[in-house]
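Remarks on the overall topology
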Amino acid sequence: MAEMIGPRLYSCCNCRNHVALHDDVISKAFQGRNGRAFLFSHAMNISMGPKEDRHLMTGLHTVADVYCSDCREVLGWKYERAYEESQKYKEGKIILEKSKIVKENW
């Protein structure tokens, strides 16, 4: 009998809590605080910090840091608002830093 394999996931690098599905990756071409980052349409098992305005590489955005809901590791941020019209597609999306997540079920 074939072994059942679940969906490809990304987990917190610290505690292995599942935080995102591979199918929800929009782009792998983003820059985080510490290197490469992925843009996701959804994430799970995360909590958010307070909203704040930050000047990022693509302009001013209102963002909230996202944390692993189990160990509180900072994993990235959520775009709450983009001030430039060309960046509006990011609103509601989540950045997870590649250095903060690990692959599961690959």
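The present account deals with the structure reproduced in this document. As the structure is a prediction and not an experimental result, all values here were calculated from the model. (Residues numbered from 1 in each chain as written. Predicted model: local features only at pLDDT ≥ 70, side-chain atom pairs only at ≥ 80, totals over all residues. Heavy atoms only, no water.)

1. Overview of the pairing of strand E7 (residues 74-82)
When strand E6 (residues 59-68) meets E7, the two strands line up antiparallel, connected through seven bridges. Among the inter-strand pairings, threonine 62 is bridged to a residue of E7, identified as arginine 81. Counting the residues in the hairpin turn of E6 and E7 gives five residues, including arginine 72, whose phi is positive at 70°. In this structure, E7 lies alongside strand E8 (residues 94-97), joined through three bridges in antiparallel fashion. Pairing of glycine 76 across the sheet is with leucine 96, part of E8. (Pairing = 2+ DSSP bridges. Helix = DSSP H or I, 4+ residues; strand = E, 2+ residues; numbered from the N terminus.)

2. Topic: the packing of aromatic side chains
All chains considered together, the criterion is met by five aromatic pairs. Where phenylalanine 38 meets phenylalanine 40, the ring centres are 6.4 Å apart and the plane angle is 50°; that geometry is what we call tilted. Taking the relative accessible area as the measure of exposure, phenylalanine 38 reaches 4% and is therefore buried. The class of phenylalanine 40 is buried, set by a relative accessible area of 0%. An angle of 80° between the planes, with centres 6.2 Å apart, marks the rings of tryptophan 77 and tyrosine 79 as edge-to-face. (Phe/Tyr/Trp six-rings, centres within 6.5 Å; stacked < 30°, edge-to-face > 60°. Buried < 20%, exposed > 50% of the residue type's maximum accessible area, 1.4 Å probe, protein only.)

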